[in-house]
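Single-letter residue listing:
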Amino acid sequence: MATSMINPQPVPEPPTSTYVPFKSQPSILEEVAANQQLLRDRLAGALFRPPPNVPAESLPSVPLIDLGPSFNGTLESRKAVAAQIRDACVTTGFFQISNHGISSEAMAGVLKQAERYFKELTPEQKEAMHVKLSPLFRGYEPHDFSYVNPDDEGSQQETKECFNWGYESAFDPTGGDGQYREVDGSVPAGEHCGNVWPYEKDLPGFYDAIKLYYSQVMTCSRHLIRLFALSLDLDEDYFDPLVTHPGGIARLLYYKSTPEPENAQQKSEEELEKEAKLGLGAHTDYECFTMLLNSANPGLEILFPPTPLTGNKPIWRPCPVRPGTLTVNIADFFMRWTNGLYKSTIHRVVSKPGGGERYSVPYFFSINYDSDVDPLPEKAVGQSQFQPMKAGEYVLERLRATVPQTK
């Protein structure tokens, strides 16, 4: 392979703040417990606003990367985009993409279906699809069923409502290879692979709109993972054999609006922040990377790493709202696969008073769930600190950890 413009320097040792170091390789359950403790440690002392005399615009934000040049067939142009992705991944692990190839029709359509699902279906219709009926966490999830940060149980409830589904061969633009396995390793049941859907008569056109968006975001994700390979100084097709039937859990999310108090003008910013509702608790994602589409209202906040400007404390900052873009973030699976080089960053959703309701559609991209996850080449990420595993095994244990044992 030709000398790469992406990674000309020696591979750095991953800083200990970005992964859990063990004297010996831990079990998956030990990793889950250690990740929760790491979450607590990173949240401790976090700032909620810039320190005095530090302008907000001087703090880091989420970069916007134009994917357009990566589609023109030139390897050098793809490497140039991959270099931008690498820069984002080694710092905060968050970036936004434009010219991604997902149509306006598909994006507007899936957001409309989110509104229809949560507004038009009756409580009884949603209850019939309750996620507790699915061993794969598919279907309707009310706000109080799970806690994405288990520490929030008993202290504050998330306000989100969800509808979850996963891969179907009918959604795969390639047609699939017929080898898809579920997150638990099982052979999928029926044509819908364990998914549950509203009846067509209840929400006409819902399934077709979901299919259109999912197929396009899957195509973009397969393109992105090739750019990730280049960003790691690997062959562009390095991951191709591992994404022939990729895991891809997706969700429709609804966050109700938080009314503005009548005396809002007399309250300080700090007082108003205390009245905000927790839409989704502080967490990191589980799979390779997440592609997030959301409506225009803000709410996503990112815990940026410490800098001298923040007194060496992490700080919560809002994610920019850029219409037509998708927000991409590294998840824990890819963090551990890159040996801590790429950052999986804590984020949350907050509904502030007067902010309006919010809809979002995260797509959690994974390699084939039945694939063995062997360490990446040492030239790219150094000697791995993590044990090999099946891709689905890690994701399933992280999902199980979000549901209180009493449910």
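Cut-off values and rules
By convention here, each chain's residues receive numbers from 1 onward along its written sequence. The predicted nature of this model means local features are confined to residues of pLDDT at least 70 and side-chain atom pairs, given and counted, to a pLDDT of 80 or more, with totals for whole chains, interfaces and linings taken over all residues. Hydrogens are left out, water is left out, and the side-chain values use all remaining heavy atoms of the structure. Numbering of helices and strands runs from the N terminus, with a helix taken as a DSSP run of H or I at least four residues long and a strand as a DSSP run of E at least two residues long. Accessibility here uses a 1.4 Å probe with only protein chains present; expressed as a share of the type maximum, an area under 20% marks a residue as buried, one over 50% as exposed, and anything in between as partly exposed. We call two N or O atoms a polar contact when they sit within 3.5 Å, provided that within protein one can donate a hydrogen and the other can accept it, with sequence-adjacent residues counted only if both atoms are side-chain atoms. Stacked, edge-to-face and tilted are the three classes for Phe, Tyr and Trp ring pairs, Trp counted by its six-membered ring, which pair at centre distances within 6.5 Å; planes under 30 degrees apart are stacked, over 60 edge-to-face, the rest tilted. In this scheme, the term charge over a ring applies when either NZ of a lysine or CZ of an arginine sits within 6 Å of the ring centre and within 35 degrees of the ring normal. The rule for pairing is simple: two strands pair if DSSP sees at least two bridges between them. Each axis is a line fitted through C-alpha atoms, and for a helix only the stretch in contact is used; angles between axes span 0 to 180 degrees, taken between their N-to-C directions. Asp and Glu count as negative and Lys and Arg as positive, but His and the ends of the chain are not part of the count. Salt bridges are counted wherever a side-chain nitrogen of Lys or Arg sits within 4 Å of a carboxyl oxygen of Asp or Glu. In this analysis, two residues are considered to be in contact whenever any of their non-hydrogen atoms come within 4.5 Å of each other. Grid spacing is 1 Å over the protein atoms alone, the probe is 1.4 Å, and a cavity is where that probe fits but cannot get out, while a pocket is an open set with protein on both sides within 12 Å along at least five of seven lines and lining residues have an atom within 4 Å of a point. Grid points are joined across faces, edges and corners, and a volume is the space filled by probe spheres set on the points. Residue polarity is assigned by list, with Asp, Glu, Lys and Arg as charged and Ala, Val, Leu, Ile, Met, Phe, Trp, Tyr, Cys and Pro as nonpolar; anything else, Gly included, falls into the polar class.

Focus: the environment of K343
Now for step 1: By secondary structure assignment, the location of K343 is in the loop between α7 (332–337) and β11 (347–351).
Now for step 2: The class for K343 is buried, based on a relative accessible area of 12%.
Now for step 3: Measuring from C-alpha to C-alpha, the distance between K343 and T284 comes to 10.0 Å, with 59 residues separating the pair along the chain.
Now for step 4: There is a polar contact of 3.0 Å between the side chain of K343 and the backbone oxygen of L341.

Re unusual backbone geometry
Glycine aside, a negative phi is what most residues show, and trans is what most peptide bonds show.
Now for step 1: Unlike most non-glycine residues, N53 shows phi in positive territory, near 70°.
Now for step 2: Relative to the assigned elements, N53 resides in the loop between α1 (28–43) and β1 (64–66).
Now for step 3: At F137, a position not held by glycine, the phi torsion is positive, near 60°.

A short note on the packing of aromatic side chains
Now for step 1: Inspection of every chain in the model, using the stated rule, returns 30 aromatic pairs.
Now for step 2: On the basis of an interplanar angle of 50° and a centroid distance of 6.0 Å, the ring pair of W165 and W197 is categorised as tilted. Of this pair, W165 sits in strand β4 (residues 161–165) while W197 sits in the loop between β4 and α5 (206–231), and the two are 32 residues apart along the sequence. W197 carries the same exposure label as W165, and that label is buried.
Now for step 3: The ring of W316 carries the charged tip of R348 above its face, separated from the ring centre by 4.3 Å.

Topic: the sheet that holds strand β7 (residues 289–294)
Pairing between the strands of a sheet is mediated by backbone hydrogen bonds and can be parallel or antiparallel.
Now for step 1: Reading across the sheet, the 8 strands line up as β1-β2-β10-β7-β12-β5-β4-β3 and stay open at both edges, with mixed pairing between neighbours. Lying at the two open borders of the sheet, with one neighbouring strand each, are β1 and β3 (139–141). Pairwise comparison of adjacent strand axes, ignoring direction, gives a mean angle of 25° for this sheet.
Now for step 2: In the sheet, strand β2 (residues 94–98) pairs with strand β10 (residues 326–330) via 4 bridges, with the strands oriented antiparallel. Residue pairing in the sheet places F94 in a bridge with N329 of β10.

Quick word on the pairing of β11
Now for step 1: Counted residue by residue, β11 has 5 buried out of 5 residues, so it is predominantly covered.
Now for step 2: Across the two faces of β11 the burial is the same, with H347, V349 and S351 and R348 and V350 all buried.
Now for step 3: Bridge count for strand β6 (residues 277–283) against β11 is 4 bridges, and the pairing is antiparallel. Within the sheet, the bridge partner assigned to L278 lies in β11 and is V350.
Now for step 4: Here 3 bridges tie strand β8 (residues 300–304) to β11, and the two strands are oriented antiparallel to one another.

Section: the side chain of E168
Now for step 1: Inspection of the secondary structure puts E168 in the loop between β4 and α5.
Now for step 2: No salt bridge is formed by the buried E168. Its closest oppositely charged neighbour is R138, at 7.3 Å.
Now for step 3: A distance of 2.9 Å separates a polar atom in the side chain of E168 from a polar atom in the side chain of N195.
Now for step 4: Beyond its immediate chain neighbours, meaning those up to four positions away, E168 contacts E191, H192, C193, N195, W197 and Y207.

Considerations on empty space enclosed by the protein
Now for step 1: Throughout the structure, instances matching the rule amount to 3 cavities of 30 Å³ or more.
Now for step 2: By volume, the largest cavity amounts to about 480 Å³.
Now for step 3: Lining the largest cavity are 29 residues, and of these V148, R251, H283, D285 and F364 lie nearest its centre.
Now for step 4: Elements supplying a minimum of two residues to the lining of the largest cavity: β5 (248–255), β6, β7, β11 and β12 (358–365).
Now for step 5: Across the lining of the largest cavity, the residue classes break down as 15 nonpolar, 8 polar and 6 charged.
Now for step 6: The computed volume of the second largest cavity comes to approximately 60 Å³.
Now for step 7: Lining the second largest cavity, in full, are R336, W337, V373, D374, P375, L376, S384, F386, Q387 and P388.

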